[in-house]
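# Coordinate inspection notes
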Amino acid sequence: MTDYIPQFVINIWEWCLGVFYSLPEIIQYLTITTWKILFVMIGVILVVAYSTYFERKVIGSMQGRVGPNRVGPLGLLQPFADVFKLLFKEVIVPAESSRFLFVIAPLLSLTPALAAWAVIPMNDTFVIADINAGLLYVLALTSMGVYGVILAGWATNSKYAFLGAMRSAAQIVAYEIAMGFALVGVLMAGGSLNLGDIVEAQSGGFHNWFLVPLFPLFLVYWISGVAETNRAPFDVAEGESEIVAGFHVEYSGVAFAVFFLAEYANMVLIAALTSIFFFGGWASPLEGIAFLEQYHAVPFIGWFFGGGFPWLFIKIAFFMYTFFWLRATFPRYRYDQIMRLGWKVFIPVTIIWIAVESVLAWMQVGPWSGLTG
């Protein structure tokens, strides 16, 4: 690949590396980690910003409308216009609210969604924190987002907001259990709590992805993820037609923008986790095809055959499109229907399939075919 880079650029790069490696190890580690965090956070925030644009475009297309088309070419600057609009709006704090909790609630919704990216592997070499308990870390952080919703509803001292918070709390509890059981199935198939190891266990082509042996768990996890993020058709926590806007009815300006950002950040996170747990993460579906292995090292296109971050991005984009598709297609479920689906359908399905997995492991079928002893 160096054949395509001018020599003076290579010389400057080598000099910079020499200076960097002359620094103390702790400084090297902190510098690398800081750059990784900046790279991931800027990328996630840009994806979140343009998710709002593409959602309006996708839903507009499905409903025979144009969508954003005024700000910039093809409306591509619309997300920045939205940001500036919300930044300059006044933040009104209700007089009878609990001011401290009212202000901190949006941050409690956003922070876990961003912090979870610390253990998400972008490819086989890039991850901020390659910890062995990555699965538990993700499960813990994705469970914390509900605290921001509950506190926002309670601190506002508004009946509509409080109703939205209570709905959200019950919904999160119901679907969090189903998601947890689904991840137990992923753990059994991957044999590790490390997300990188889970992806490696699915290498070798799309027939090795956990989607096939864990298909019921994939459906449960994905639909539960839609419910966890309070997205249509599970958006009873906002319920515009019933409780105005639910938990964030009294929020405006930047405070509302943070809730908005948290919702889309959680969507991107769920899309990434679904891709990693069931669709091989950065793995290419063309891996394992013998005559294509010669192209794995080809610059710029090798990732298409051998895997890499672009494949993870493509899978995330597909699931984000599915989020938008569901919103444009299905009406909102009634609250009792949502509770019934979580408690009476998803939890029994996950428990039964974990038992099926145990049988498959005993028979050494699928992901367990290489077990010995």
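Now for a look at the structure at hand.

We now examine the overall build of the chain. Counting its secondary structure elements, the chain contains 13 helices and 0 strands. Here the chain has a C-alpha radius of gyration of 23 Å; the compact-globule value for 373 residues is 21 Å, and the two agree. Seen through its principal axes, the chain has C-alpha atoms that stretch 65 × 60 × 50 Å. The proportion of buried residues among the 373 residues of the chain is 45%. Look at the contacts in the chain between residues 6 or more apart in sequence, and 77% of them connect residues 24 or more apart. A total of about 19,100 Å² of accessible surface is found on the chain, and carbon and sulfur atoms cover 70% of it. Of the side chains in the chain, 17 bear a positive and 23 a negative charge, and the two mean positions are spaced by 15 Å.

The next point concerns the packing of aromatic side chains. Per the counting criterion, the structure on display carries 25 aromatic pairs. When the ring of Trp222 is compared with that of Phe319, the centres are 4.9 Å apart and the planes differ by 50 degrees; the resulting orientation is tilted. Taken together, the residues Trp222 in helix α8 (residues 215-228) and Phe319 in helix α12 (residues 309-329) connect sequence positions 97 residues apart. Both residues of the pair, Trp222 and Phe319, belong to the buried class. What links up through ring pairs into an aromatic cluster is the set Trp209, Phe215, Phe218, Tyr221, Trp222, Phe277, Phe278, Phe279, Phe318, Phe319 and Phe323.

Phi angles above zero are rare outside glycine, and Asn157 is one such case at about 60 degrees. Residue Gln364 is not a glycine yet carries a positive backbone phi of 55 degrees. Tracing the backbone shows Gln364 in the segment after α13 (335-363).

Note on placement: Asp235 falls in the loop between α8 and α9 (240-243). According to the relative accessible area criterion, Asp235 is buried, its value standing at 10%. At 2.9 Å, the side chain of Asp235 and the side chain of Arg332 are in polar contact.

The subject of this paragraph is the nonpolar core. Core analysis: the biggest nonpolar cluster contains 69 residues, and Trp117, Leu195, Tyr221, Phe277 and Phe278 have the highest contact counts within it. Ignoring any residue separated from it by four or fewer positions in sequence, one finds Phe278 in contact with Val186, Gln202, Trp209, Phe210, Leu211, Leu214, Leu217, Phe218 and Tyr221. Counting residues in each nonpolar core, the second largest holds 9 residues, with Val149, Phe247, Ala255 and Phe259 among its members.

Its 32 residues give helix α6 (residues 159-190) an end-to-end C-alpha distance of 45 Å, which sits within 8% of 46 Å, the value for a rise of 1.5 Å per residue. A positive phi of about 70 degrees marks Gly191, the residue just after α6.

The next point concerns α8. Here α8 spans 19 Å end to end across 14 residues, near enough to the 20 Å set by a 1.5 Å rise per residue. Most of α8 sits out of view: 11 of its 14 residues are buried. Among the structural elements, α5 (134-155), α6, α10 (253-278), α12 and α13 are those in contact with the buried residues of α8. Note on α8: the residue one or two positions beyond its end, Asn230, has a positive phi of about 55 degrees.

On the surface, a cluster of negative charge is contributed by Asp124, Asp130, Asp197 and Glu200. Considering the arrangement of structural elements, one finds Asp197 in helix α7 (residues 195-200).

This paragraph deals with the packing of α8 against α10. Orientation of α8 relative to α10, taken along the N-to-C sense of each, is 170 degrees, at an axis distance of 10 Å. Taken as axis vectors, α8 and α10 run roughly antiparallel relative to one another. For the pair formed by α8 and α10, the contact residues are Leu217, Phe218, Tyr221, Trp222 and Gly225 on the first element and Ile270, Leu273, Thr274, Phe277 and Phe278 on the second.

Note that Asp130 resides in the loop between α4 (99-115) and α5. For Asp130 and Val119, which are 11 residues apart along the polypeptide, the C-alpha to C-alpha distance reads 6.0 Å. A distance of 2.8 Å separates polar atoms of two side chains, one belonging to Asp130 and the other to Asn194.

Turning to the side chain of Glu263, a few remarks are in order. You can see Glu263 is positioned in helix α10. Within the local environment of Glu263, its side chain forms a polar contact with the side chain of Arg231, the two groups lying 2.9 Å apart.

A cluster of nonpolar side chains, Trp35, Leu38, Ile42, Leu46, Leu77, Phe80, Val83, Phe84, Leu87, Phe88, Val91 and Val254, forms an exposed patch at the surface whose accessible area comes to about 1,200 Å². For the nonpolar patch, the secondary structure elements donating two or more residues are α2 (25-62) and α3 (78-87). Its place among the elements puts Ile42 in helix α2. The exposure class assigned to Ile42 is exposed, which follows from its relative accessible area of 51%.

Procedures and definitions
- Residues numbered from 1 in each chain as written.
- Predicted model: local features only at pLDDT ≥ 70, side-chain atom pairs only at ≥ 80, totals over all residues.
- Heavy atoms only, no water.
- Helix = DSSP H or I, 4+ residues; strand = E, 2+ residues; numbered from the N terminus.
- Rg over C-alpha atoms; globule rule 2.2 N^0.38 Å.
- Buried < 20%, exposed > 50% of the residue type's maximum accessible area, 1.4 Å probe, protein only.
- Contact = heavy atoms within 4.5 Å.
- Areas by Shrake-Rupley, 256 points an atom, 1.4 Å probe, with all protein chains shown as cover.
- Lys, Arg positive; Asp, Glu negative; His and termini not counted.
- Charge placed at Lys NZ, Arg CZ, Asp CG, Glu CD.
- Phe/Tyr/Trp six-rings, centres within 6.5 Å; stacked < 30°, edge-to-face > 60°.
- Polar contact = N/O pair within 3.5 Å; in protein donor to acceptor, adjacent residues only side chain to side chain.
- Core = buried A, V, L, I, M, F, W, Y, C linked by side-chain atoms within 4.5 Å.
- Expected span 1.5 Å × (residues − 1).
- Patch = residues over 30% accessible without salt bridge, like charges linked within 9 Å, V, L, I, M, F, W, Y side chains within 5 Å.
- Salt bridge = Lys/Arg side-chain N within 4 Å of Asp/Glu carboxyl O.
- Axes fitted to C-alpha atoms, helices over the stretch in contact; angles between N-to-C directions.
- Parallel < 35°, antiparallel > 145°, perpendicular 65-115°, else oblique.

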